[in-house]
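Spelled out, the chains give:
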Amino acid sequence: NNVMRECLSEHNGYEVKTIGDSFMVAFEKALDAVSFSLSVQEGLVKSVWPQELLNLDHCALNDNGPWCGLRVRIGVHFGEVDVQLNTLTGRYDYFGNTVNKAARMEGACVGGAVAVTEEVMGLIEVPASGAVVIPMGEVKLNG
């Protein structure tokens, strides 16, 4: 959670809510959302994890990628949303097709990856952070 919240602050993000172990976040700019996502993945790899966690096969540093420790999936979409004030929490919540598509993108990728829609790719230049862009082609999204 610390990595997520530190990266949110660095990239002008808004924590909408947590749902179980998931975060729902929002950004004014697509580039901020993608930069945040890449920073989170990098921050998790660089984090110091307990040896007990690193002993697990799916958390160990391996030849299949640079991952080490916990891995998260991140989906990014950008567009208009329905904004509503949650009177119980006093925080704004977001609804609509944009939110749903971002959630479906997250579900379409694997831990340690960031899945972005074609619309987002059209709005940004790929950051020169060493990120590798692998086109997924057309993906059928559930829901």
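Just above sits the structure.
For clarity, every value in this text was computed on a predicted model and none was experimentally measured.

Thresholds applied
- Numbering of residues starts from 1 in every chain and runs along the sequence as written.
- Given that this is a predicted model, residues contribute local features only at a pLDDT of at least 70 and side-chain atom pairs are listed and counted only at 80 or more, while totals for whole chains, interfaces and linings are drawn from all residues.
- Processing note: side-chain calculations cover all non-hydrogen atoms of the structure and skip hydrogens and water entirely.
- Pairing of aromatic rings covers Phe, Tyr and Trp, the last counted by its six-membered ring, and requires centre-to-centre distances within 6.5 Å; plane angles under 30 degrees mean stacked, over 60 mean edge-to-face, and any other angle means tilted.
- A simple rule labels every residue: compare its accessible area, found with a 1.4 Å probe on the protein chains alone, to the largest value its type can have, and call it buried under 20%, exposed over 50%, or partly exposed in between.
- Each pair of strands is called paired provided DSSP finds at least two bridges between the two strands.
- Here a helix means four or more residues in a row that DSSP labels H or I, a strand means two or more in a row labelled E, and each is numbered from the N terminus.
- Think of a nonpolar core as a cluster: buried Ala, Val, Leu, Ile, Met, Phe, Trp, Tyr and Cys residues, connected wherever their side-chain atoms sit within 4.5 Å.
- In this description, contact between two residues means that some pair of their heavy atoms is separated by no more than 4.5 Å.

1. Looking at the packing of aromatic side chains
Evaluation of the coordinates by the stated rule reveals two aromatic pairs. Aromatic side chains Phe-27 and Phe-36 sit 5.2 Å apart centroid to centroid with 45° between the ring planes, which places their arrangement in the tilted category. Of the residues examined, Phe-36 reaches a relative accessible area of 2% and is grouped as buried.

2. Some remarks on the pairing of strand S1 (residues 14-19)
A regular strand places its side chains on the two faces of the sheet in alternate fashion. Note: S1 against strand S2 (residues 22-26), five bridges, orientation antiparallel. Pairing of Thr-18 across the sheet is with Phe-23, part of S2.

3. Overview of the nonpolar core
Ranked by size, the top nonpolar core spans 19 residues in total, and within it Phe-36, Val-40 and Val-76 carry the most contacts. Residue assignment for this core shows that the elements contributing at least two residues are helix H1 (2-10), helix H2 (30-46) and strand S3 (74-76). Per-element accounting of this core gives the leading share, six residues, to H2. Discounting chain neighbours no more than four positions away, the residues touching Val-40 are Val-3, Met-4, Cys-7, Val-72 and Ile-74.

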